[in-house]
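Below, each chain spelled out in residue letters.
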Amino acid sequence: MSRSLHGRERRMALHSGTYVPLPLRPWLKFLLLPGVMSAFLSMTPFFLLASAASAQSSSRQYVYLSLPGTPPSSPSSLISGFSQTSQTGVLNAIAGSPFTDRLEGGLVAIDGLGRFLFVLNPQSNDISMFQIDQTSGALTEVTGSRFTVPPTVNPNLAPSQPISIATEASGSFLFVGYLSGDFPGDSAVVSLSINTSGSSPALLTVQSIDISNGGAPIQLLTDPKGLHLYVGLGTNTMTTGGAEVFSIDSTGALVFQGAADALSDSGDAYAIDPLDRFFFAGGHGAAGGFLESCTISPVDGTANTCLPLLFLDSGDVPTSMVAENSGKFLYVGLNESAGNVVIAYSIDQTTGTLTQLLGPLNGIQFASGSAVADPMGPYVYAAQFTTPTVIHAYQVDAQTGNLVEIFGSPFSAGGTASCCGGLAISGNSTQAISGPAVSIFPSTAIFSAVVGTTSPTQVFSIVNTGNQLLAINSISITGANASDFSQTNTCQATLAPNTSCSVSITFTPATMGALTANLQISDNAPGSPQTLVLNGTGIAPAPAVTFSPSSLSFPNTTQGASSASQTLTVISSGNATLHISAVSLAGPNPSDFSFTNNCAAPLAPSSNCTISVVFSPTASGQRTADLLITDDAPGSPQSITLSGTGITLAPALTLSPSAPSFPVTTQGISSAAQTLTVTNSGNAALTISSMSLGGADPLDFSSTSNCTAPVAVGSSCTISLVFNPLASGQRAASLLISDNVPGSPQTVSLNATANPAFTVSAASGSSTTAAISAGQTAQFQLQLTPGAGFTGTVSVSCSGTPVGAACQVPASVSLANGAATNFTVAVTTSGSALLPPATPLRFLPLTYVSLTILSLALLVLFSASVLSPKLVQWLFGRRSFSSDNKSRFSDGALAPEARRFCAGFATLRSVLSVAVFCLMFALSGCGGGSTTVAPPPPVVTPSGSFPLTITLSANSSSGQPLQLPPIQLTLTVK
């Protein structure tokens, strides 16, 4: 039994190619009558155009989700497939789902006819292409898949790193955005043709568009008709936002049309109104996230008329946007500090204004690229990458915009992905217009002009937004004040689909106040005639004044002198004659300015006069005044600000360089002269009265100068500086320049480094320390090595020797030619093995002993020695005689007889001593005293460690004594 098919079932039957017997309707029988059929066939092209979209699109909808492998580069990704139940939005897994994807997977797109699924492979830099079974939704990868984009614009470089993808309504083209484009630093958008003419479907590269403004094509969108491609830009090499608009021609080539919004900061997410009226953009900057709504021009797809930014809460950044099928609500996914949320906004159907309705919506999250709206029903689908991954299905509440999760949701994807998957749904918008349709753009017309004058021309476009030929019967201006408006146009009798013509309108009011009229287009579109309301305002004639420039600023001028004059142009910018009654000066310093003018006569509209102003400062510093123009224009008197700076005559000193740079110089010699150029940068003669050196080391520097005469303005003199270091190390001084410049004296810092005139060290094999015994001589071998360029004589002296020691050094050492010179320091010490007697011997002073007594004492001693030959033997040792009669002495002990002799001799010595004493006493009368003197003890250098100081002295090449550190030696006496 046959049955009739309705709605989706009928479309499925037509597109599946399956013949289904249908009942013969009465109207169909009528068409089969002769004559009626021929008339019907003559109208066939119009019916074909009207039904083209529905005849080409699949009647059944499928949803596909890419599940990239873990990690994303792993070639183990899956594609989950679902068929959608149109009445409920429920998703049913397709048999065989999930399907294996050989590569890593990513964002996905379905062509406008629902035949193919395209999957981006970001790491592999290519595109996988799957054929969709129209009956079951099963996927089969086409032969030749994966498809890559070869080099096009640049033969040496091909686009890489695909990051965005989109298709268009006709099912003919695929568009892919690449992070790296045809040239280093650029991005690219590539247009590819979906070729089904061969044995296997394929993607053919049509064109590559390089994006060189620093933006990356983070999102691609096409309008419902597939006429324009919108390239949403994000950050690549610089902060970039907004979208670029390209028209799509019949071959898939892209032609730039303009911009689709006015984002000044980074773009993050974009969306298009399904009714093709508004373009939405979301971005963020230093102040936080924001949304923007712009009106799309039906003429070229651009959207340059934008509403003020809608700023989000602090920290909120838009990550995704979804505009649902009816065009009434926009859903924005936000990245908040507490997580991802979704906010619902209503869309004003006339202006596109966004108003927040709900949010955050409870438990709903939209990930970038994984949330889509059903183009044919009130459903929104969003993937959630949990374990396992699921798809949430929501129904849009037509009244509140709330998203209500449908029965059975969420639906399992049959696999798991951690992120980055793409979600797509097949089908085209059901909002397509069939037949001719008219849109007038812009949709508002507001004019103003002075009574009796004509306003600037405004241009309006008449666009055929339908899919059939538009017949234009007439274009006219009607209404209450039609005579105040006029129009010219470029429109022909017919207008093809998606084309436009223009109407230029001017306004010439005859009276003051609000005036209205209507632009009417009579045509074959529904709602004819189409009407655009024209609103005008007639303005009463009145004088007005403008100035060029709007203020006068004078250059710095010397006090007592006058600047060059500056001219102020006074323009009669109104529509009535301007009368200037007075020109005057006011403000803080009116006496510093003067003027002349030719503005006495009345000024007709658009004519002008001039005022010449001169600045003559009476004091230094900032000087200001107001030039007042009294007239009959509104706002009289008008005020123009005058400003200038007075300067006082005074010299100024500029040094070049600001401080000299001396080379490292050896102590004792002079550096090359360094020149300072002194320039008089003031406005009066410069007089330098003196120059002197001060600071820490003034003797280490010297200066000469030719700055004795006054230095004229702009002229220069020079100062020559020489570094003559008297000491080594960092040396610093100040050059003081006394002059007639304010702030005198001027100070120039002098800094330089000096190397030592020579270095001192122990000679090879020697040391600065020595240890000897008392009575020995210590020798120190020292070496002087001259510094670069030093030649001269070094005087040497020694100090610090201990008792009984003497230090010997050369009086001087000569240094020349960089050769090292050695010299010796000899330290002689004193010492003895004999110890001084316990009781010192006392001797009678010769001054108190007479010569007679002395002679007698000597005689007695001599006689005793003669009387006792043994005495000699005792004194010199025992003597024995050998057989050869030669004497011999022995050092043996004393003989016993010698000992006895000594005892007797002692007695005899005592007697003789008493006798001598008495004799001496008698001879001297015993009345005077006598004194005994101890002999001096022997000098011995004491033991210990003693520091010796070797002092060096030398003069510089200019005869100044150098500051030389002493040499420290250490002498140890044992």
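Residues numbered from 1 in each chain as written. Predicted model: local features only at pLDDT ≥ 70, side-chain atom pairs only at ≥ 80, totals over all residues. Heavy atoms only, no water.

## Here's the deal with the overall build of the chain
Put simply, the rule reads: Helix and strand assignments follow DSSP, with helices taken as H or I runs no shorter than four residues and strands as E runs no shorter than two, numbered in order from the N terminus. Exposure categories follow from relative accessible area, calculated using a 1.4 Å probe and restricted to protein chains: below 20% of the type maximum is buried, above 50% is exposed, and the middle band is partly exposed. We call two residues contacting when some pair of their heavy atoms lies within 4.5 Å. Every accessible area reported is derived by Shrake-Rupley at a probe size of 1.4 Å, with residue values counting cover from the shown protein chains alone.
Looking only at helices and strands, one finds seven helices and 68 strands in the chain. In the chain, which comprises 974 residues, the share counted as buried stands at 40%. The contacts in the chain between residues at least 6 apart in sequence include a share of 59% that link residues at least 24 apart. As presented, the chain carries roughly 46500 Å² of accessible surface, and 57% of it is formed by carbon and sulfur atoms.

## Overview of the state of the cysteines
Spelled out, the test is: For this text, the term disulfide refers to a pair of cysteine sulfurs within 2.5 Å.
This structure, assessed with the given rule, holds five disulfides. Put simply, cysteine 294 and cysteine 306 are joined by a disulfide, and their sulfur atoms are 2.0 Å apart. Taking the torsion about the S-S bond as the criterion, the cysteine 294 to cysteine 306 disulfide, at about 105°, is right-handed. Here cysteine 294, found in strand E19 (residues 288-295), pairs with cysteine 306, found in strand E20 (residues 305-306); they are twelve residues apart in sequence, far enough to count as distant. Judged by its relative accessible area of 25%, cysteine 306 is partly exposed. Residue cysteine 599 pairs covalently with cysteine 609 via a disulfide, S to S 2.0 Å. On the S-S bond that ties cysteine 599 to cysteine 609, the torsion sits near 100°, and the link is right-handed.

## Quick look at the pairing of strand E12 (residues 202-211)
For the record, the criterion: Two strands are said to pair when DSSP picks up at least two bridges between them.
Both strand E11 (residues 187-195) and E12 contribute to a ladder of nine bridges, which runs antiparallel. If you follow alanine 188 over to E12, its bridge partner there is aspartate 210. The antiparallel hairpin formed by E11 and E12 contains six residues in its connecting segment.

## Some words on the side chain of threonine 222
Let me state the cut-off plainly: Identification of polar contacts relies on pairs of N or O atoms within 3.5 Å, with a donor-acceptor requirement for protein atoms, meaning one able to donate a hydrogen and the other able to accept it, and with residues adjacent in sequence counted only if both atoms are side-chain atoms.
Counting through the fold element by element, threonine 222 comes out in strand E13 (residues 215-222). Side-chain polar atoms of threonine 222 contact the backbone oxygen of threonine 167, separated by 2.8 Å. The contact partners of threonine 222, leaving out residues within four places of it in the chain, are Thr167, Glu168, Phe175, His228, Leu229, Ile248 and Ile272.

## Quick notes on unusual backbone geometry
Here the amide bond leading from serine 528 into proline 529 is cis, since omega sits at 0°, within 30 degrees of zero. Inspection of the secondary structure puts proline 529 in the loop between strand E39 (513-523) and strand E40 (530-539). A cis amide bond links serine 636 with the next residue in sequence, proline 637, at an omega value of -5°. The phi angle at asparagine 498 is positive, at roughly 60°, despite the residue not being glycine.

## Describing the sheet that holds strand E44 (residues 566-572)
Definition in use: Note on geometry: axes are C-alpha line fits, over the in-contact stretch for helices, and angles between N-to-C directions span 0 to 180 degrees.
Taking strand neighbours across the sheet as the criterion, the four strands line up as E41-E44-E47-E46 in an open arrangement whose pairing is antiparallel. Sheet topology places strand E41 (545-548) and strand E46 (593-597) at the edges, where each strand pairs with a single neighbour. Direction aside, neighbouring strands of the sheet carry axes that sit 25° apart on average. Examined bridge by bridge, E44 and strand E47 (residues 608-615) share six bridges and lie antiparallel to one another. Note that in E47 the partner of threonine 567 across the bridge is serine 612.

## Focus on the environment of phenylalanine 118
With respect to the secondary-structure elements, phenylalanine 118 resides in strand E6 (residues 116-121). For phenylalanine 118, a relative accessible area of 0% puts it in the buried group. The spacing of phenylalanine 118 and glycine 105 is 13 residues in sequence and 9.9 Å in space, taken between C-alpha atoms. In contact with phenylalanine 118, other than residues within four places in its own chain, are Leu107, Val108, Ala109, Asp111, Ile127, Ser128, Met129, Ile165, Thr167, Leu174, Ile194 and Leu203.

## What to know about the sheet that holds strand E63 (residues 812-815)
An order of E59-E68-E67-E61-E63 is seen for the five strands of this open sheet, with the pairing classed as mixed. Each edge of the open sheet carries a strand with a single partner, namely strand E59 (769-772) and E63. Direction aside, neighbouring strands of the sheet carry axes that sit 25° apart on average. Bridge analysis of E59 against strand E68 (residues 967-973) gives four bridges, and the strand direction is parallel. From the neighbouring strand, isoleucine 772 faces E68, where its bridge partner is valine 973.

## Re the nonpolar core
Applicable threshold: Only buried residues count toward a nonpolar core, which is a set of Ala, Val, Leu, Ile, Met, Phe, Trp, Tyr and Cys residues joined through side-chain atoms within 4.5 Å.
Core analysis: the biggest nonpolar cluster contains 29 residues, and Phe758, Phe780, Leu784, Val825, Val827, Leu952 and Leu969 have the highest contact counts within it. For this core, the secondary structure elements donating two or more residues are E59, strand E60 (777-786), strand E61 (792-799), E63, strand E64 (821-828), strand E67 (944-953) and E68. Beyond its immediate sequence surroundings of up to four residues, leucine 952 is in contact with Phe758, Val760, Leu784, Val794, Ser795, Val796, Leu964 and Ile967. Membership of the second largest hydrophobic core comes to 26 residues, among which are Ala445, Ile475, Ala482 and Leu515.

## Some details on the pairing of E61
In the sheet, E61 pairs with E63 via four bridges, with the strands oriented antiparallel. Bridge pairing links serine 795 to serine 812 in E63.

## Digging into the environment of serine 661
Examined against the element boundaries, serine 661 turns out to sit in the loop between strand E50 (653-656) and strand E51 (665-666). Using a relative accessible area of 58% as the deciding quantity, one classes serine 661 as exposed. Along the backbone, serine 661 and leucine 721 are 60 residues apart, and their C-alpha atoms lie at a distance of 10.0 Å.

## Re the packing of aromatic side chains
Rules: A pair of Phe, Tyr and Trp rings is counted when the ring centres sit within 6.5 Å of each other, with Trp represented by its six-membered ring. The angle between the planes then sorts it: under 30 degrees is stacked, over 60 is edge-to-face, the rest tilted.
Taken as a whole, this structure holds 17 aromatic pairs when the rule is applied. Taking 6.4 Å as the distance between ring centres and 40° as the angle between the ring planes, the aromatic pair formed by tyrosine 62 and tyrosine 64 counts as tilted. The two residues tyrosine 62 and tyrosine 64 agree in class, both being buried. Each ring, one from tyrosine 270 and one from phenylalanine 279, has its centre 6.0 Å from the other, and the planes form 35°; the classification is tilted. Residue phenylalanine 279 is classed as buried on the basis of its relative accessible area, which comes to 1%.

## Some words on the side chain of serine 671
Mapped onto the elements of the fold, serine 671 is located in the loop between E51 and strand E52 (674-680). A relative accessible area of 10% places serine 671 in the buried class. Each residue touching serine 671, except ones within four places of it in the same chain, is listed here: Phe662, Pro663, Thr665, Val722 and Phe723.

## Quick notes on the confidence of the model for the chain
We apply this condition: pLDDT gives the predictor's per-residue confidence on a scale running from 0 to 100.
Summarising the model, the chain shows a mean pLDDT of 83, and 81% of its residues fall at 70 or more. A low-confidence stretch, residues 901-930 stays under pLDDT 50, and its non-local contacts, those more than four residues away or across chains, total 18 contacts.

## A closer look at the pattern of salt bridges
Here is the rule: Just to be clear on terms, a salt bridge is a Lys or Arg side-chain nitrogen sitting within 4 Å of an Asp or Glu carboxyl oxygen.
The tally for this structure, following the rule as stated, stands at seven salt bridges. Within this structure, Asp697, Asp700 and Arg731 form a network of salt bridges that share partners.

## A short note on the environment of valine 940
Within the element layout of this structure, valine 940 appears in the loop between helix H7 (896-924) and E67. The spacing of valine 940 and serine 830 is 110 residues in sequence and 4.9 Å in space, taken between C-alpha atoms.

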